[in-house]
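Remarks on the overall topology
Each chain, letter by letter, is given below.
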Amino acid sequence: MSIQLKSTPLDDGFRMPAEHEPHAGIWMAWPERADNWRYGGKPAQNVFINVAKAISKNTKVTMVVGSGQYENARAQLPEDIQLIEMSTDDSWMRDIGPSYVVNNKGIRRGVDWEFNAWGGLVDGLYFPWDKDDAVAQKVCEVLTDDSYRAPIILEGGSIHVDGEGTLYTTEECLLHPSRNPELSKDEIEQVLKQYLSIEKVIWLPQGLYNDETNGHVDNLMHIVAPGEVVLTWCDDVSDPQYAISRKARDILTAETDAKGRQIIVHKLPMPGPLYITEEEARGVDICDGMVRESGERLAGSYANYLISNNHIIFPLLDEKTDQQAETILAKLYPGYQLSGVDAREILLGGGNIHCITQQIPAV
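Here we summarise the structure given alongside this text.

The rules we used
- Residues numbered from 1 in each chain as written.
- Predicted model: local features only at pLDDT ≥ 70, side-chain atom pairs only at ≥ 80, totals over all residues.
- Heavy atoms only, no water.
- Helix = DSSP H or I, 4+ residues; strand = E, 2+ residues; numbered from the N terminus.
- Rg over C-alpha atoms; globule rule 2.2 N^0.38 Å.
- Buried < 20%, exposed > 50% of the residue type's maximum accessible area, 1.4 Å probe, protein only.
- Contact = heavy atoms within 4.5 Å.
- Areas by Shrake-Rupley, 256 points an atom, 1.4 Å probe, with all protein chains shown as cover.
- Lys, Arg positive; Asp, Glu negative; His and termini not counted.
- Charge placed at Lys NZ, Arg CZ, Asp CG, Glu CD.
- Expected span 1.5 Å × (residues − 1).
- Polar contact = N/O pair within 3.5 Å; in protein donor to acceptor, adjacent residues only side chain to side chain.
- Core = buried A, V, L, I, M, F, W, Y, C linked by side-chain atoms within 4.5 Å.
- Pairing = 2+ DSSP bridges.
- Phe/Tyr/Trp six-rings, centres within 6.5 Å; stacked < 30°, edge-to-face > 60°.
- Lys NZ or Arg CZ within 6 Å of the ring centre and 35° of its normal.
- Axes fitted to C-alpha atoms, helices over the stretch in contact; angles between N-to-C directions.
- Arc of directions from axis to C-beta.

When its secondary structure is counted, the protein chain shows 12 helices and 19 strands. For the protein chain, whose C-alpha radius of gyration is 19 Å, the value lies close to the compact-globule estimate of 21 Å for 363 residues. Dimensions along the principal axes, computed over C-alpha positions, put the protein chain at roughly 50 × 50 × 45 Å. Counting only residues that meet the buried cut, the protein chain has 59% of its 363 residues in that class. Long-range contacts, defined as pairs at least 24 residues apart, comprise 75% of the intrachain contacts of the protein chain with a sequence gap of at least 6. Surface exposure of the protein chain reaches about 14,000 Å², of which carbon and sulfur atoms provide 48%. Across the protein chain, 32 positive and 55 negative side-chain charges occur, with their mean positions spaced 4 Å apart.

Here we take up helix α9 (residues 240-254). Spanning 15 residues, α9 covers 22 Å between terminal C-alpha atoms, matching the ideal 21 Å at 1.5 Å per step. Along α9, the positions that sit buried rather than exposed are Q241, I244, S245, R246, A248, I251 and L252. Buried positions along α9 lie against β9 (166-170), β10 (200-204), β12 (228-233), β13 (264-269) and β15 (297-298). Capping the start of α9 is the job of one residue whose side-chain oxygen sits 2.8 Å from the backbone nitrogen of Q241: D239.

Time to look at the nonpolar core. By size, the foremost hydrophobic cluster in this structure holds 68 residues, and its most contacted members are M28, V51, Y305 and I346. With eight residues, helix α2 (residues 42-55) is the largest single contributor of residues to this core. By size, the runner-up hydrophobic cluster in this structure holds 23 residues, among which are F14, V111, I152 and L196.

Before going further, it helps to spend a moment on the pairing of strand β2 (residues 23-29). Taking burial as the measure, the seven residues of β2 include six buried ones, the bulk of the element. Taken together, the four bridges between β2 and strand β19 (residues 358-361) define a ladder with antiparallel strand orientation. Paired with G25 across the strands is I360, a residue of β19. Direction of pairing for β2 relative to strand β3 (residues 61-65): parallel, over a ladder of four bridges. Bridge pairing links I26 to V61 in β3.

Quick look at the packing of aromatic side chains now. Under the counting rule described, the total for this entry stands at seven aromatic pairs. With a centroid separation of 5.0 Å and 90° between ring planes, the pair formed by F115 and W118 is classed as edge-to-face. Just as F115 is buried, W118 falls in that class too. With centroids separated by 5.7 Å and ring planes inclined at 85°, the aromatic side chains of W118 and Y126 adopt a geometry described as edge-to-face. The two residues W118 and Y126 agree in class, both being buried. In this arrangement the basic side chain of R33 is found over the ring face of Y126, its NZ or CZ atom lying 4.2 Å from the centre. Looking at R246, its charged tip hangs above the ring of Y242, at a distance of 3.6 Å from the centre.

Before going further, it helps to spend a moment on the side chain of R297. Along the polypeptide, R297 turns up in strand β15. Note on R297: relative accessible area 12%, which makes it buried. Side chain to side chain, R297 and D239 meet in a polar contact 3.0 Å long. Sequence-distant contacts of R297, defined by excluding residues within four places in its chain, comprise Y209, N210, D239, P240, Q241, M270, P273, L274 and Y275.

What follows is about the sheet that holds β13. The three strands lie next to each other as β11-β12-β13, forming an open sheet whose pairing is mixed. The outermost strands of the open sheet, each flanked by one partner alone, are β11 (221-225) and β13. On average, each strand axis in the sheet is inclined to that of its neighbour by 30°, with strand direction left out of account. Here four bridges tie β11 to β12, and the two strands are oriented antiparallel to one another.

The strand order across the open sheet formed by three strands is β8-β9-β10, and the pairing between neighbours is mixed. The sheet is open, and its two edges are formed by β8 (160-161) and β10, each paired on a single side. Two strands pair when backbone bridges link them, and β9 and β10 are joined in this way by five bridges, in the parallel orientation. In the strand pairing of β10, T169 is matched with W203. Against the sheet, helix α8 (residues 185-196) touches β9 and β10, its axis set at about 130° to β10. Contacts between α9 and the sheet are confined to β9 and β10, with β10 contributing the most and set at about 155° to the helix.

For helix α11 (residues 322-332), every residue scored as buried is listed here: D322, A325, L329 and L332. The arc enclosing the buried residues of α11, seen along the axis, measures out at 95°, which places them on a common side. Across α11 from its buried face, at more than 90 degrees, point the exposed residues Q323 and K331. In this structure, the buried residues of α11 make contact with β11, β12, β13, β17 (311-316) and β18 (337-342).

See the structure below:
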């Protein structure tokens, strides 16, 4: 049995662990939304299967799927991947699933953020989003973990934590008028401190160029270890990403983390720039919120990878830079297994491997 608590994780002695800490499982959600995923999600489903297979080498994978696609998903997924019927509006488990917190007594609990499809009625990507907003609590109930309903609109991909008191995010997303316009920057920080038990927030101005999530931090950078991050880097002066990445680096290198460490910044090459092709755009149903037109720039990033149980699952996006990205990740994670997955179909839907996965910490 699982209950929704009225206290806060900070009051109860819980903290959000870093992604590189041990996992009991990874949750994903099956793609089928025809106005986001081309051809009814069929090409994307193949890639989600490949991502799930890669993760399952080291970590148990649970896939949630709507009733209409249950038999199709079960027929295509390996037997060792657990399938659970659950309603969703789309398939971004990072943003709709719970952010987990743990204590030192071996107990874990979920943090259930309010979700409004990346912008609500201001600039949200679809309406309604009530099924997605209900997912986090359902996951906690399936796992019989108690949860906290946080009083703030937030997506899991908009934050990174190092497990030792530091949280990274972007002003572009958390201070966007479509999220929590009634709250000041300081008030948002207080909520993050209460619900994740972090001590310091490092604010970067912007996320990746043309990221329709209003600049999620997980598409710009990743935490390698406490005091050490990897950042999407662009060397083309004429590219809008050039200035964004440099500003982020300048802030990161000038900052110290919650433990007073100077932050080490490693560079990951930016793929592309990549654009939606005419053929790819043709397969997507018309939508009010999401731009899936030929020539639209895609927010491609190698930083959008998943760490799970000494295993890096990263996107393959551009044959000109894939090998370079893999070499850098192998150097940053010695002794880790590396699995590259051709992830363009996920990118066409607006995100990547980190966005479609949510870890459940081992306790």
